[in-house]
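# Inside the fold
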Amino acid sequence: MYKSITVKYIDQEPLSRIQWVYNILEGKAETERVIYKDDNQLTGFVLLPDFKWDETSLSNLYYVAFVNDKAIRTLRDINGSHLNLLKNIKSKAIEAISSKHPQFNTNQLSFYVHYQPSYYLFHVHITNVHIDSAGNRAGRAHLLETIIDNVENIDPNYYQKASIPIVLGENHPLYLKLTEPSQE
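If you're wondering where the values come from, they're calculated on a predicted model, not measured in any experiment. (Residues numbered from 1 in each chain as written. Predicted model: local features only at pLDDT ≥ 70, side-chain atom pairs only at ≥ 80, totals over all residues. Heavy atoms only, no water.)

## Description of the nonpolar core
- Formed by 54 residues in total, the largest nonpolar core has its most connected members in Leu 47, Val 124 and Ile 126.
- Ranked by the residues each element gives to this core, the list is headed by helix H3 (residues 83–100), at seven residues.
- Discounting chain neighbours no more than four positions away, the residues touching Ile 126 are Leu 47, Leu 61, Tyr 62, Tyr 63, Ala 65, Ala 93, Ile 97, Leu 109, Ser 110 and Phe 111. (Core = buried A, V, L, I, M, F, W, Y, C linked by side-chain atoms within 4.5 Å. Buried < 20%, exposed > 50% of the residue type's maximum accessible area, 1.4 Å probe, protein only. Helix = DSSP H or I, 4+ residues; strand = E, 2+ residues; numbered from the N terminus. Contact = heavy atoms within 4.5 Å.)

Shown next as structure tokens:
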């Protein structure tokens, strides 16, 4: 279903839907909010506060890391060649958040990826571990540590082979494509 339906769905998404992310990556928007930027095309990313966070309450701390490599759209695209990227995000984000918020215990950070994401450029959510929201619950959120472990220790192509359940609302366009009668 992923190859026959989901990839086609992703490919049909208009570029305009994520242009705002590209603007951040290219330094055309939100530059004053960026707390870390690594321009390397393979292992680099931009780190900034998520728009949902007020940027003051550390109990609701919420950052997002957007990768530079636009070919990585979802968790399904991750493989062994991305280990340095994933590890770089984790280590550099910890350093940057620790520098920005020295009073925050970075052991309280949760790193996760949504599958299916709400937009198709790979990004990592970094939140206070105590935040309880639908976005960081099992079924949608995949922990970065687990992703790294699966690719590093189980199979470099783990996410191309694994069955990954997804949670979608019944009105989500992808859900509608996945549940429409077969055209065979």
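## A few points about the packing of aromatic side chains
- Considering all chains together, one arrives at seven aromatic pairs under this definition.
- Lying across the ring of Tyr 22, Lys 70 places its NZ or CZ 4.2 Å from the centre.
- The ring of Phe 111 is capped by Lys 90, whose NZ or CZ atom sits 5.8 Å from the centre of that ring. (Phe/Tyr/Trp six-rings, centres within 6.5 Å; stacked < 30°, edge-to-face > 60°. Lys NZ or Arg CZ within 6 Å of the ring centre and 35° of its normal.)

## Overview of the pattern of salt bridges
- This structure, assessed with the given rule, holds 11 salt bridges.
- Here Arg 17 makes a salt bridge to Glu 13, at a shortest N to O gap of 3.3 Å.
- In this structure, Asp 39 and Lys 37 form a salt bridge, with 3.3 Å as the shortest nitrogen-oxygen distance.
- Classification of Asp 39 as exposed rests on a relative accessible area of 53%.
- Its relative accessible area of 38% is what places Lys 37 among the partly exposed residues. (Salt bridge = Lys/Arg side-chain N within 4 Å of Asp/Glu carboxyl O.)

## Topic: H3
- An ideal rise of 1.5 Å per residue puts 26 Å on 18 residues; H3 measures up with 26 Å between its terminal C-alpha atoms.
- On its buried face, H3 sits against strand E1 (36–37), strand E2 (45–49), strand E3 (62–67), strand E4 (109–114), strand E5 (123–128) and helix H4 (144–154). (Expected span 1.5 Å × (residues − 1).)

## Let's talk about unusual backbone geometry
- In this chain, Tyr 115 is followed by Gln 116 through a cis amide linkage whose omega measures -5 degrees.
- You can see Gln 116 is positioned in the loop between E4 and E5.
- Of note, the phi angle at Glu 30 is positive, near 60 degrees, even though the residue is not glycine.
- Of note, Glu 30 is situated in the loop between helix H2 (19–25) and E1.
- What makes Glu 30 partly exposed here is its relative accessible area of 24%.
- Even without glycine at this site, Glu 55 takes up a positive phi of about 65 degrees.
- One can find Glu 55 in the loop between E2 and E3.
- We classify Glu 55 as partly exposed; its relative accessible area is 36%.

## Digging into H4
- All of the buried residues along H4 are Leu 144, Ile 147, Ile 148, Asn 150 and Val 151. Projection of H4 onto a plane perpendicular to its axis shows the buried side chains occupying an angular sector of 160 degrees, all on one side. Exposed and facing more than 90 degrees away from the buried side of H4 are Asn 153 and Ile 154. (Arc of directions from axis to C-beta.)

## Points about the sheet that holds E1
- Taking strand neighbours across the sheet as the criterion, the six strands line up as E1-E2-E3-E5-E4-E6 in an open arrangement whose pairing is antiparallel. The open sheet has two edge strands with one neighbour each: E1 and strand E6 (141–143).
- Note that E1 and E2 share two bridges and pair antiparallel. When the sheet's bridge partners are listed, Lys 37 is paired in E2 with Val 46.
- Its contacts with the sheet place H3 against E1, E2, E3, E4 and E5, and it is angled at close to 40 degrees to E2.
- Its contacts with the sheet put H4 on E4, E5 and E6, and the angle it makes with E6 is roughly 65 degrees. (Pairing = 2+ DSSP bridges. Axes fitted to C-alpha atoms, helices over the stretch in contact; angles between N-to-C directions.)

## Things to note about the packing of H3 against H4
- In contact at an axis separation of 10 Å, H3 and H4 are set at 155 degrees when each is read in the N-to-C sense. On the basis of their axis angle, the class for H3 and H4 is roughly antiparallel. Both H3 and H4 take part in a crossing whose hand is left-handed. Here Leu 83, Leu 86, Lys 87 and Lys 90 of H3 lie close against H4, whose contacting residues are Leu 144, Glu 145, Ile 147, Ile 148, Val 151 and Glu 152. (Parallel < 35°, antiparallel > 145°, perpendicular 65-115°, else oblique. Left-handed = near helix turned anticlockwise from the far one by under 90°.)

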